[in-house]
Amino acid sequence: MEKRKIFVIILTLTLFLASFVIAQKTTHTLALLGTTDLHQYIMPYDYMSDKPSPEIGLSKVFTLIKNAREEYDNTMVFDTGDFIQGSLVGDLEAEVEPLIDFHFQSIVRAYNVIGYDAVTIGNHEVTDYGLDFFERARKNATFPWLSANIRMVDNPKGFLTEPYTILEREIDGIPIKIGVIGVTPPQISAWGRRFLEGVVFTQDMVTQAAKYIPFLEDQTDLVVMVAHTGISRAAEDEAGYSENAANSLAALGGIDAMFLGH
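Residues numbered from 1 in each chain as written. Predicted model: local features only at pLDDT ≥ 70, side-chain atom pairs only at ≥ 80, totals over all residues. Heavy atoms only, no water.

**Quick notes on the overall build of the chain**
The condition that has to hold: Helix and strand assignments follow DSSP, with helices taken as H or I runs no shorter than four residues and strands as E runs no shorter than two, numbered in order from the N terminus. The size measure is the radius of gyration over C-alpha atoms, and the globule rule it meets is 2.2 Å times the number of residues to the 0.38 power. Each accessible area is a Shrake-Rupley estimate made with a 1.4 Å probe; only the visible protein chains count as cover when residues are assessed. Working convention for charge: Lys and Arg count positive, Asp and Glu count negative, and His plus the chain ends are omitted. Throughout, a charge is located at the NZ atom of Lys, the CZ atom of Arg, the CG atom of Asp or the CD atom of Glu.
Along the chain, the regular secondary structure elements total nine helices and 15 strands. For the chain, the C-alpha radius of gyration of 18 Å lies close to 18 Å, the compact-globule estimate for 262 residues. Expressed along its principal axes, the backbone C-alpha trace of the chain runs to roughly 60 × 40 × 40 Å. When the accessible surface of the chain is totalled, it reaches about 12600 Å², and 52% of it is carbon and sulfur. Side-chain charges in the chain split into 20 positive and 35 negative, and the spacing between the mean points of these groups amounts to 4 Å.

The structure is reproduced here in structure tokens:
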């Protein structure tokens, strides 16, 4: 696929601007917004201390998202995972008053309202409360969940979720395709063994991403990596590196924007 010329500029920790030059005559801007590790903190409140905390909470983040949407006509929002577990809200919905019937996680409802475009599976999505709790979140989300390195034991070619998605959007009325790929720390197999053993297995993040990025690069105008991983100073052969593989992921090439968090 012949790509339009794309410039990606990192403005802040969670905002990318991609400028599309169409036919060398006009410039069109797409703002890419990202969040990570919200851990079921929805309101600006410290549930453990039982007091307000104005520095935390998805509601505060939503204010920033709204401000960005007012500034930029074209925006997309992504999340790198670890958001359906963490605060006492997560414990309440998973264990104290377990969700039943058609009920699903409060923060997933909030993400639906905000209008997230895609998210990746974080380690806490599947290691703390099990796959049934995760499936409740996945099935009720209006956005795709992604992970290219979690596969099913009973179907080794299959994935727990889609490895990537291709989103079709319009930028100032001009259609474009955005390829989004997600990866998850392979250590979830050990961290969540009581829930995951015999059900899923994991593969190396970098190896799996390398399989799909060339395809996405060929089929889309923009490739976005939404990775639940960090940046490590460890050597690549050290134990902790494989869960913090951002440097190696970036070195793959073909990625126009990356969102990280772990």
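**Some remarks on the side chain of Asp221**
Which entries qualify depends on this criterion: Partly exposed residues are those whose accessible area sits between 20% and 50% of the maximum for their type, while under 20% is buried and over 50% is exposed, using a 1.4 Å probe and protein chains only. Counted as a polar contact is a pair of N or O atoms within 3.5 Å, where, for protein atoms, one must be capable of donating a hydrogen and the other of accepting one, and residues adjacent in sequence contribute only when both atoms are in side chains.
Note that Asp221 resides in the loop between α8 (205–219) and β14 (222–227). Accessibility expressed as a relative area gives 1% for Asp221, which makes it buried. At 2.8 Å, the side chain of Asp221 forms a polar contact with the backbone nitrogen of Lys177.

**Comments concerning the packing of aromatic side chains**
To be explicit about the condition: In this analysis, rings of Phe, Tyr and Trp, with Trp reduced to its six-membered ring, are considered paired at centre separations within 6.5 Å, and the interplanar angle assigns stacked below 30 degrees, edge-to-face beyond 60, and tilted for intermediate values. Any Lys NZ or Arg CZ that is within 6 Å of a ring centre and within 35 degrees of that ring's normal is treated as a charge sitting over the ring.
According to the stated counting rule, one finds 14 aromatic pairs in the structure shown. Between Phe159 and Tyr212, the aromatic rings sit 6.3 Å apart at their centres with planes inclined by 70°, giving edge-to-face as the arrangement. Of the two residues, Phe159 is situated in strand β10 (residues 155–159) and Tyr212 in helix α8; the sequence distance between them amounts to 53 residues. Taking the relative accessible area as the measure of exposure, Phe159 reaches 19% and is therefore buried. For Tyr212, a relative accessible area of 16% puts it in the buried group. Each residue in the set Phe83, Tyr111, Tyr116, Phe134, Phe143 and Trp145 is aromatic and connected to the rest through ring pairs, giving one cluster. Over the aromatic face of Phe62 sits the side chain of Lys66, whose NZ or CZ is 5.2 Å from the ring centroid.

**Observations regarding the confidence of the model for the chain**
Quick reminder of the rule: A residue's pLDDT is simply how confident the predictor is in it, with values from 0 to 100. Between two residues, a contact is recorded if the distance between any of their heavy atoms is within 4.5 Å.
On average, the chain scores 90 in pLDDT, and the residues at 70 or more come to 91%. Residue range residues 1–14 is modelled with pLDDT below 50. Its contacts to residues more than four positions away, or to other chains, number 46 contacts.

**Here we look at the sheet that holds strand β9 (residues 150–152)**
This is how it is decided: Each pair of strands is called paired provided DSSP finds at least two bridges between the two strands. In this analysis, axes come from line fits to C-alpha atoms, helices being fitted only over the stretch in contact, and the angle between any two N-to-C directions falls in the range 0 to 180 degrees.
Strand order in this open sheet of three strands is β10-β9-β13, and the pairing throughout is antiparallel. A single partner strand is all that each edge strand has here, and the edge strands are β10 and β13 (200–202). Geometrically, the sheet is characterised by an average inter-axis angle of 45° between neighbouring strands, direction not taken into account.

**Description of the pattern of salt bridges**
Short version of the rule: Salt bridges are counted wherever a side-chain nitrogen of Lys or Arg sits within 4 Å of a carboxyl oxygen of Asp or Glu.
By the definition in use, this model includes two salt bridges. Linking Arg169 and Asp117 is a salt bridge whose minimum nitrogen-to-oxygen distance equals 2.8 Å. Here the residue Arg169 occupies a position in strand β11 (residues 164–171), and Asp117 occupies one in the loop between α3 (106–114) and β7 (118–120), the gap between them amounting to 52 residues.

**Some words on the sheet that holds β11**
With mixed pairing, the four strands of this open sheet are ordered in space as β11-β12-β14-β15. Two strands in the sheet have a free side with no partner beyond their single neighbour: β11 and β15 (257–260). Adjacent strand axes in the sheet meet at a mean angle of 25° when their direction is disregarded. When strand β12 (residues 174–183) meets β14, the two strands line up parallel, connected through six bridges. When the sheet's bridge partners are listed, Gly179 is paired in β14 with Val223. Here α8 sits on the sheet and contacts β11, β12 and β14; the angle it forms with β12, its principal contact strand, is near 170°.

**Topic: the environment of Thr202**
Within the secondary structure, Thr202 is located in strand β13. Separated by 126 residues in the primary sequence, Thr202 and Met76 have C-alpha atoms spaced 29 Å apart. Leave out the neighbours within four places in its chain, and Thr202 touches Asn149, Ile150, Pro186, Ile188 and Ser189. Within the structure, the side chain of Thr202 is placed 2.7 Å from the backbone oxygen of Pro186, a separation counted as a polar contact. A distance of 2.9 Å separates polar atoms of two side chains, one belonging to Thr202 and the other to Ser189.

**Observations regarding the packing of helix α1 (residues 58–71) against α3**
Spelled out, the test is: Roughly parallel covers angles under 35 degrees, roughly antiparallel covers those over 145, roughly perpendicular covers 65 to 115, and oblique covers all other angles. Only Asp, Glu, Lys and Arg are considered charged in this grouping, and only Ala, Val, Leu, Ile, Met, Phe, Trp, Tyr, Cys and Pro are considered nonpolar; every other residue, Gly among them, is considered polar.
At their nearest, the axes of α1 and α3 sit 12 Å apart, and the two run at 10° to each other. Put simply, α1 runs roughly parallel to α3. Together, Leu58, Phe62, Ile65 and Arg69 of α1 and Ile107, Ala110, Tyr111 and Ile114 of α3 make up the contact between the two elements. A class-by-class count of the residues in the contact of α1 with α3 yields seven nonpolar, no polar and one charged.

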